[in-house]
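Per-entry structural report
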Amino acid sequence: MIVPCGHALSIAALLFLMGAVSVATRRNLFLVLVGVEVMLNAAGLAFIVGALRWHQLEGQAFVLFLLAVAAAEVAVGLALLVYGHRRTGSVDSGRYTSLRG
Amino acid sequence: MTLLGLAFYAIGAFVLAATATAVTRRDPVHAVVWLIASFLGTAGLFALLGAPVLAALQVVLYAGGIMVLFLFVVMAVRPEPRIAVIGRGGGRAVLALALGAGALLVGLVLAADPDAHAVLSTGSTSPRDLGALVFGPYALAVEGVSLLLFVPLVGALCLGRDPGRTGGGRL
């Protein structure tokens, strides 16, 4: 496969950026979680590119752990979201104001 | 350019387009469905980059498990249809900032990284090798992962139960 390492890493970087923009600019908490998923996925892609570039299998092993982290993050995130929705009737982060002094 | 290289660029362009569509949707259901497309494409990239096991896990766990959980909760909660982004009328500024940051990132990766032009060779990891590594030197980490998966299970149960119906069982 004639693909420079930089091109594959660029794809991962752009994916990460899209996730970061989604997290930073969205108020709908679902779309914030979507952004976190995109970022984790981009990190996994970068790990796999590194594993192939330096022929180190540890990169692929870490992606396995990354999958577990993503699953745990989604479970807790969605549970918190349902909890917040039950208390405030909204998934808009701008309406979570009960800590306001 | 070889056929595999061509496939890599085609799938990469598809993944970028699907992700860009996913993060710009207003409706969470649309976003999640586009994200599933993006993850399936990423699984193709994983397979091309020599990680067939992880490609399969990406399809089964990410696209099949995590995203379906997402879809489930989106449809159970029914979020209000229109929630604005942060700031008023800042869409153009955000787009300009994101494009600038993207150009900077790609420029840095391509220009500043001395290894950027190193060509990735075709390779494939057998499940046996990956398993021997993960369950050999990293066996303790696997146990840590099982703990990590247990904690959110308990947390989600605690957060998810209805306080009105469980009576006095408060934490």
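Here's a quick rundown of the structure. Values in this document were obtained by computation on a predicted structure and should not be read as measured data.

1. A word on the packing of helix H1 (residues 3–24) of chain B against helix H2 (residues 28–48) of chain B
All names here are of chain B. Running from amino to carboxyl end, H1 crosses H2 at an angle of 160°, the nearest separation of the two axes being 8 Å. The pairing of H1 with H2 is recorded here as roughly antiparallel in orientation. Regarding H1 and H2, the two cross each other, and that crossing is left-handed. Contact with H1, carried on its side by Leu 4, Ala 7, Phe 8, Ile 11, Gly 12, Phe 14, Val 15, Ala 18, Thr 19, Thr 21 and Ala 22, involves Ala 31, Trp 34, Leu 35, Ala 37, Ser 38, Gly 41, Thr 42, Gly 44, Leu 45 and Leu 48 of H2 and no other residues of that element. For the contact of H1 with H2, a count of residues per class yields 14 nonpolar, seven polar and no charged.

2. A closer look at the packing of helix H2 (residues 29–54) of chain A against helix H3 (residues 58–88) of chain A
Residues and elements named next belong to chain A. Closest axis-to-axis distance for the H2/H3 pair is 9 Å, and the angle between their directions is 175°. Between H2 and H3, the angle falls in the class roughly antiparallel. Along the contact surface, H2 presents Leu 29, Phe 30, Leu 33, Val 36, Glu 37, Leu 40, Ala 43, Gly 44, Phe 47, Ile 48 and Ala 51, while H3 presents Gly 59, Gln 60, Phe 62, Val 63, Leu 66, Ala 70, Glu 73, Val 74, Gly 77, Leu 78 and Leu 81.

3. Let's talk about the nonpolar core
If you look at the biggest cluster of nonpolar residues, it comprises 51 residues, and the most contacted ones within it are Phe 30 and Leu 45 of chain A together with Phe 8, Leu 49, Met 67 and Phe 70 of chain B. Listing elements by their share of this core, those giving two or more residues are helix H1 (5–25), H2 and H3 of chain A together with H1, H2 and helix H3 (52–77) of chain B. Sequence-distant contacts of Phe 70 of chain B, that is, excluding residues within four places in its chain, are made with Phe 30, Leu 33, Val 34, Glu 37, Val 74 and Leu 78 of chain A together with Val 32 of chain B. Core analysis: the second largest hydrophobic core is formed by eight residues, Ala 61 of chain A together with Val 134, Val 142 and Val 145 of chain B among them.

4. Things to note about the interface of chain B and chain A
Each side of the interface is counted separately: chain B has 80 residues, and chain A has 67 residues. Regarding the contact of chain B and chain A, the summed buried area is about 6800 Å², with carbon and sulfur atoms giving 77% of it. The largest share of the area that chain B buries against chain A comes from Phe 70, Leu 120 and Leu 159 of chain B, three residues that together contribute 10% of it. Where chain B touches chain A, the interface holds zero salt bridges. Along the contact surface separating chain B from chain A lie eight residue pairs in polar contact (both at pLDDT 80 or more). For the side of chain B that touches chain A, the element with the highest residue contribution is H3 of chain B, accounting for twelve residues. Its residues assigned to classes, the side of chain B that touches chain A shows 57 nonpolar, 15 polar and eight charged. Here strand E1 (residues 3–4) of chain A pairs with strand E1 (residues 119–120) of chain B via two bridges, running antiparallel. Its bridge partner being in E1 of chain B, Val 3 of chain A is matched across the sheet by Leu 120 of chain B.

Cut-offs used in this document
- In every chain, residue numbers begin from 1 and rise along the written sequence.
- Chains and ligands are labelled by the order in which they are written, letters from A for the one and numbers from 1 for the other.
- Local features in this predicted model are restricted to residues whose pLDDT is 70 or higher, and side-chain atom pairs enter the listing and the counts only when it is 80 or higher, whereas totals over whole chains, interfaces and linings include all residues.
- To get the side-chain values, take all heavy atoms of the structure and skip hydrogens and water.
- A fitted line through C-alpha atoms represents every axis, and for helices the fit uses only the stretch in contact; the resulting angles, taken between N-to-C directions, go from 0 to 180 degrees.
- Think of it this way: any DSSP run of H or I at least four residues long counts as a helix, any run of E at least two long counts as a strand, and we number them from the N terminus.
- These descriptions rest on fixed angle ranges, namely under 35 degrees for roughly parallel, over 145 for roughly antiparallel, 65 to 115 for roughly perpendicular, and the rest for oblique.
- Working rule for handedness: look at the near helix, and if it is turned counterclockwise from the far one by less than a right angle, call the crossing left-handed; if clockwise, right-handed.
- Contacts are assigned to residue pairs that have any heavy atoms within 4.5 Å of one another.
- Each residue gets one label: Ala, Val, Leu, Ile, Met, Phe, Trp, Tyr, Cys and Pro are nonpolar, Asp, Glu, Lys and Arg are charged, and the others, such as Gly, are polar.
- The term nonpolar core refers to a set of buried residues drawn from Ala, Val, Leu, Ile, Met, Phe, Trp, Tyr and Cys, joined through side-chain atoms within 4.5 Å.
- Three labels apply to residues, based on accessible area from a 1.4 Å probe with only protein chains included: buried if under 20% of the type maximum, exposed if over 50%, partly exposed otherwise in between.
- Joining two parts hides part of their accessible area as seen by a 1.4 Å probe, and the buried area is that hidden amount summed over both.
- A side-chain nitrogen of Lys or Arg and a carboxyl oxygen of Asp or Glu constitute a salt bridge if their distance falls within 4 Å.
- In protein, a polar contact means a hydrogen-donor-capable atom and an acceptor-capable atom, both N or O and within 3.5 Å, with residues adjacent in sequence counting only if both atoms are side-chain atoms; elsewhere, any N or O pair within 3.5 Å suffices.
- Any two strands with at least two DSSP bridges between them are considered paired.

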